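# Fold and contact review
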Amino acid sequence: MIPPRALSFQHRPEVDQLRAAVHNGGTAVLGQVLTGTGGVGKTQLAADYARSAWDSGGVDVLVWISASSRAAIMAGYAQAGTEILAADPSAPEQSARAFLAWLEPKAGQKPCRWLVVLDDVVDPADIRGWWPPASPRGRVLVTTRRRDAALSGAGRRLVSVGLFTPQDAAAYISAVLAAHDRHEPTDQLSGLASDLGHLPLALAQAAAYIIDTGVTCARYRRLLADRLGKLADLLPEPAALPDDQAATVAATWSLSIEHADRLRPAGLARPMLQLAAMLDPNGIPADVLTGRAALTHLSRYRASGLRQPVPATTDDAAGALHALHRLSLVTYSPDQPVRVHGLVQRSVREQLAPRRLARTTLAAADALLEAWPETEADFATGERFRANAQTLRSYGEDLLWSDHDVHGVLLRLGQSLGHAGFLNAMMDHYRELAATSAQKYGPGHPRTLRCRSNSLRLMAIVRDPAEAVAAYTELAADCARLVGPDDFATLDARGALADARAEGGDLSGALAAYEELLADERRVHGPFHRDTLNARGKIASLHHAMGAAPQASALYEQLLADCRTHLGPFADMTVEIRGELAGLKGRAGDPAGARALYEELLADHLAAFGRDDRRTLPVRHELALWRAAAGDPAGAAADLEDLIADEVRVLGAHHVEIADARFALGLLRNQAGDTTAAPAGMDESAGAMEELFGPDHPLVIDTRSMRLGWQHALLESDPAAAVEVMKEQTVALRARLGPEHPRVCRASGFEAADFWIMLLTWCSAKTGTRCLSGHELWISSFWHGSMAADLVVRRNWDEPQKRWCDL
């Protein structure tokens, strides 16, 4: 009996693959093995193939065998022998052998075209010795969840059966419901298909449940999303399964898991699948499942069935993954991410007792944190680990909080979000951790205070400086009251409050706050503690921002010597100060000197970290800018092109630093005659920042206005329109930040700089569309907070005017 055709059967690419083998194979042996996880529709594809072959008259004998065991295979052949050859039914093995012998082509025998289908082969060993013979007129089709090498070769080929495509999945469930006069919104059908991972069996059974119970598609999706609900409760009763299906989705994989657990290394496939069930179905780094923490988990549960515990090895872990792969429960290849279908994961999780679930969750967290590199090699690596951490958190966040602290994997997730440039997501993450910590441990617990601080860390930049000042004022007061004025949390909050004041334009207030903090840091930690040195660096930076460049340079020189001695030559603070000193030299009128210092800094970074390290990329960026300022714009442009390619790979295409680099590259290309490059760079930069900060952020307003000013003044020769753009920018910034904010002062300077606009337009007219290199360098310096921007903030126009007039 060929299984009945499923309601709303979908034509799939695998159908064409099977038929192409027949059409292209001539008289060659045609043996094909359909392999895939349970529920992807292998039996339906085989039935469609067999039915088409029979209905078209392409075969004379068709044998369909449910091949769940060796005995079942032999019994199927024996029945064929009895019916075709009148073999003795009381001797089934003899009858089966006679049938296979009859299939052998013989000279003078009337040609017979035959097809043998062995459906649902559970173990390749069951079919050993029972493969149909090679024949120019015979075909063999096998369906199985196994992917063992024994199934291929000898003229046979494996055909992997995957999931429905999103379009096919939505079309299938829509057709099934429509056949019962049920019509649901397209977006809900597509969403349900995605929720079920486009698995054909799950879609069929979900549609049956919706039809039988009368619930809407939206209601079913809500039930499915409820973590407290069981998958088995959202599927039809066994007696009501559609299309003569034998088992629910929840039971489909149980037999495969049992078989995998019996494969070598025995007893490890099940705990390995349980560990994988806690992580991202779309890709788990293999190191997570083969590291020390994973081996501890495997050893614990293998030991439960042994008299003497045997520690699991890395080879054991790889063997367990391979066993699961052979049963199509996971997709595993060495050095590639491990993939598991989401419904397989859910089915496995729901079968775990609460205590076992808690242990497995913690084991997965330990394994993920252990494998997570301190420095993510590229964006894809970080994204994969973040996805796994988010998945683990969604399944069992409560289990990741002990009686004393949160598991480190959630803290590592926050750090990774920040490094990847997802600043709002990082702050939201820490805000959620702070709320949970306050609920579990109290508002004065160190973890609560640190998470609160981290949630505010970039508020002054990403959102509103005034809001950040208010939030940090409250936090500093809470820390002093709850843990004391000399605690790390209190001192850290005071420093962050000073930073927020500086970002909001209160430079003198920030300087006074840091001078008070420095005295306390020295008293509490000593003169050379990292926090003390950091306060000294902040004071030097504020002196620079307030116009005292010589004083800032002297402070930085003293600080650099102490950082080298007490922190090391490659500590972040040491490197940062070397960069500040190089920038000060360049802004003092020695761009070649700045370039030389950055070349030394880059050489040190390349030797210590490599060209793609996150610490090296900013140094490469700054060196390119100073190379341009020192008279080598072509070399700078080439450096920026290389840098952008590396940053896209390492940081991800979304990162604002890449938009920043493209902005600078556009300026340099404009200097070389490409008048569209700079506006394009500005557009891209503004778009990236708008996505990160929102449309009303001052940086976004700055860049959009600069873009329009550039267009009017340089491309359209309309300086009056450019001045109007600057005026509009000033109004917008004044409303957002207040009249005394440095950024508003800067915009006011632009508004008054009709001379600048006119000079620029005149020079453009004299030299064609090519713009003054000095102007471009000024814009680049403005963008990166360099010399001219600082001069404008101080309303000191002498040096910029001198530069322009000299040009």
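Remember, it's a predicted structure, so these values are computed and weren't measured experimentally.

## Observations regarding the overall build of the protein
When its secondary structure is counted, the protein shows 40 helices and five strands. A total of 807 residues make up the protein; the buried ones form 53% of that total. The long-range share in the protein, meaning contacts at least 24 apart out of those at least 6 apart in sequence, stands at 66%. Total accessible area on the protein stands at roughly 34,900 Å², and carbon and sulfur atoms take up 52% of it.

## Section: the packing of aromatic side chains
In the structure shown here, the tally under the stated rule is nine aromatic pairs. Arranged with centres 5.4 Å apart and planes meeting at 55°, the rings of Tyr209 and Tyr220 form a pair that is tilted. One end of the pair, Tyr209, is in helix α8 (residues 200-213); the other, Tyr220, is in helix α9 (residues 217-225), with eleven residues separating them in the sequence. Each of the two residues, Tyr209 as well as Tyr220, counts as buried. Aromatic pair Phe570 and Phe609: ring centres 5.5 Å apart, planes at 80°, arrangement edge-to-face. Residue Phe570 is found in the loop between α27 (549-566) and α28 (572-587), and its partner Phe609 is found in the loop between α29 (591-608) and α30 (616-629); the two are separated by 39 residues along the sequence. Residue Phe570 is classed as partly exposed on the basis of its relative accessible area of 33%. Among the aromatic residues, those joined into a cluster by ring pairs are Tyr77, Phe99, Trp102 and Trp130.

## Description of the side chain of Ser256
Note that Ser256 resides in helix α11 (residues 254-262). When its relative accessible area of 4% is taken as the criterion, Ser256 is described as buried. Ser256 has contacts with Arg145, Leu327 and Leu329, leaving out every residue within four places of it along the chain.

## Observations regarding the nonpolar core
The tendency in soluble globular proteins is for nonpolar side chains to be buried as a group. If you look at the biggest cluster of nonpolar residues, it comprises 118 residues, and the most contacted ones within it are Tyr220, Leu273 and Leu289. Counting residues per element, this core draws most heavily on α8, which supplies eight residues. Not counting residues within four places of it along the chain, the set of residues in contact with Leu289 comprises Met272, Leu275, Ala276, Leu279, Ile284, Ala294, Ala317, Leu321 and Val338. Counting 24 residues, the second-largest nonpolar core is a separate cluster that includes Leu100, Leu118, Val121 and Trp131.

## Looking at the packing of helix α12 (residues 269-276) against helix α15 (residues 314-326)
If you want to describe how two helices pack, look at the angle between their axes and the distance between the axes. Remark: α12 packs on α15, axes separated minimally by 9 Å, with the N-to-C direction vectors making an angle of 85°. By the criterion of interaxial angle, the relationship of α12 to α15 is roughly perpendicular. Along its contact with α12, which presents Ala269, Met272 and Leu273, the element α15 presents Ala317, Ala320, Leu321, Ala323 and Leu324. When its residues are assigned to classes, the contact of α12 with α15 shows eight nonpolar, no polar and no charged.

## Remarks on helix α26 (residues 530-545)
Residues three or four positions apart in an α-helix share a direction because the helix packs 3.6 residues into each turn. The first and last C-alpha atoms of α26 sit 23 Å apart over 16 residues, in line with the 22 Å expected at 1.5 Å per residue. Among the residues of α26, those classed as buried are Thr532, Leu533, Ala535, Arg536, Gly537, Ile539, Ala540, Leu542, His543 and His544. Where α26 terminates, the next one or two residues include Gly547, which has phi positive at roughly 100°.

## Quick notes on unusual backbone geometry
Note the cis peptide between Arg264 and Pro265, where omega equals -5°. The residue Ala86 is not glycine, and still its phi comes out positive at about 60°. For Ala86, a relative accessible area of 64% translates into the label exposed. One non-glycine residue, Asp120, lies in the positive phi region at around 65°. One can find Asp120 in strand β3 (residues 114-121).

## Describing the side chain of His543
Relative to the helices and strands, His543 is located in helix α26. For His543, the side chain forms a polar contact with the side chain of Gln551, separated by 3.4 Å. When residues no more than four places from it in sequence are discounted, the contact partners of His543 are Leu511, Glu515, Ala548, Gln551, Ala552 and Leu555.

## Here we look at the pattern of salt bridges
The tally for this structure, following the rule as stated, stands at 35 salt bridges. Of the charged contacts, one joins Asp405 and Arg447 as a salt bridge, the two residues approaching to 2.9 Å between their closest N and O atoms. Taken together, the residues Asp405 in the loop between α18 (379-396) and α19 (408-419) and Arg447 in helix α21 (residues 446-456) connect sequence positions 42 residues apart. Among the ionic pairs, Arg494 bridges to Asp520, the shortest N-O distance being 2.7 Å. Here the residue Arg494 occupies a position in helix α24 (residues 488-503), and Asp520 occupies one in helix α25 (residues 507-525), the gap between them amounting to 26 residues. Salt bridges sharing common partners tie together Glu376, Glu383, Arg386, Arg412 and Arg614.

## Regarding the environment of Arg595
With respect to the helices, strands and loops of the structure, Arg595 is situated in helix α29. When the C-alpha atoms of Arg595 and Lys585 are compared, they prove to be 9.4 Å apart, with ten residues separating the residues in sequence. When near neighbours in sequence (up to four residues on either side) are disregarded, Arg595 contacts Leu623, Trp626, Arg627 and Ala630.

## Here's the deal with helix α3 (residues 70-85)
For α3, with 16 residues, the first-to-last C-alpha span of 22 Å sits near the 22 Å given by 1.5 Å per residue. Elements in contact with the buried residues of α3: β2 (61-66), α4 (92-103), β3 and α5 (124-127). Just past α3, the residue Ala86 takes up positive phi, approximately 60°.

## A few points about the confidence of the model for the protein
Mean pLDDT over the protein works out to 83, with 81% of the residues at or above the 70 mark. Within the model, the stretch residues 749-807 combines pLDDT values under 50 with 93 contacts to residues more than four positions away or in other chains.

## A word on the sheet that holds strand β4 (residues 138-144)
Backbone-to-backbone hydrogen bonds join strands into a sheet, with any given pair of strands oriented parallel or antiparallel. Ordered by their spatial adjacency, five strands build an open sheet running β2-β3-β4-β1-β5, and the pairing between neighbours is parallel. Looking at the sheet topology across the chains shown, the edges are occupied by β2 and β5 (156-160). Neighbour to neighbour, the strand axes of the sheet diverge by 15° on average, direction disregarded. Of the pairings in the sheet, the one linking strand β1 (residues 30-35) to β5 comprises five bridges and is parallel in character.

## A short note on the environment of Leu268
Tracing the backbone through its elements, the reader meets Leu268 in the loop between α11 and α12. Note: C-alpha distance between Leu268 and His297 (29 residues apart in sequence) is 9.8 Å. For Leu268, the contacting residues outside a window of four places in its chain are Asp261, Leu298, Arg302, Asp316 and Ala320.

## Comments concerning the environment of Met1
With respect to the element layout, Met1 can be found in the segment before α1 (13-25). By relative accessible area, Met1 is classed as exposed at 89%. Expressed as a C-alpha distance, the spacing of Met1 and Ala47, which sit 46 residues apart in the sequence, is 9.8 Å.

## Comments concerning the packing of α24 against α25
Their axes nearest at 8 Å, the elements α24 and α25 cross at an angle of 160°. The pairing of α24 with α25 is recorded here as roughly antiparallel in orientation. α25 is crossed by α24, and the crossing has left-handed handedness. Here Leu491, Arg494, Gly495, Ala498, Asp499, Arg501 and Ala502 of α24 lie close against α25, whose contacting residues are Leu507, Gly509, Ala510, Ala513, Tyr514, Glu516, Leu517, Asp520, Glu521, Val524 and His525. Looking at the contact of α24 with α25, its residues break down into nine nonpolar, three polar and six charged.

What counts, and at which threshold
Sequence positions are assigned chain by chain, starting from 1 and proceeding in written order. Per-residue local features are limited, in this predicted model, to residues with pLDDT of at least 70; the limit for side-chain atom pairs, both in listing and counting, is 80 or more; totals at the level of whole chains, interfaces and linings are taken over all residues. Each side-chain value is derived from all of the structure's non-hydrogen atoms; neither hydrogens nor water enter the calculation. Every helix listed is a DSSP run of H or I at least four residues long, and every strand listed is a run of E at least two residues long, numbered separately from the N terminus. Partly exposed residues are those whose accessible area sits between 20% and 50% of the maximum for their type, while under 20% is buried and over 50% is exposed, using a 1.4 Å probe and protein chains only. Whether two residues are in contact is decided by their heavy atoms: any pair within 4.5 Å suffices. Using a 1.4 Å probe, accessible areas were evaluated by the Shrake-Rupley method; residue-level cover was limited to the displayed protein chains. Within 6.5 Å between ring centres, the rings of Phe, Tyr and Trp (the latter by its six-membered ring) count as paired, and their orientation is classed by plane angle as stacked under 30 degrees, edge-to-face over 60, tilted in between. The definition of a nonpolar core used throughout is a set of buried Ala, Val, Leu, Ile, Met, Phe, Trp, Tyr and Cys residues joined through side-chain atoms within 4.5 Å. Axis angles are defined between N-to-C directions and span 0 to 180 degrees, where every axis is a line fitted to C-alpha atoms and, for a helix, only to the segment in contact. Any angle between 65 and 115 degrees counts as roughly perpendicular, while under 35 counts as roughly parallel, over 145 as roughly antiparallel, and the rest as oblique. Under the scheme applied here, ten amino acids are nonpolar (Ala, Val, Leu, Ile, Met, Phe, Trp, Tyr, Cys and Pro), four are charged (Asp, Glu, Lys and Arg), and all others, including Gly, are polar. Expected span of a helix, by definition, is 1.5 Å for each gap between consecutive residues, and there is one gap fewer than residues. Two N or O atoms form a polar contact when they lie within 3.5 Å of each other; inside protein one atom must be a possible hydrogen donor and the other a possible acceptor, and for residues adjacent in sequence the pair counts only when both atoms belong to side chains. What makes a salt bridge here is a side-chain nitrogen of Lys or Arg within 4 Å of a carboxyl oxygen of Asp or Glu, nothing more. What pLDDT expresses is the predictor's confidence in each residue, scored from 0 to 100. Strands were regarded as paired on the criterion that DSSP finds at least two bridges between them. Crossing handedness: left-handed means the near helix sits turned counterclockwise from the far one by under a right angle, and right-handed means the same turn made clockwise.

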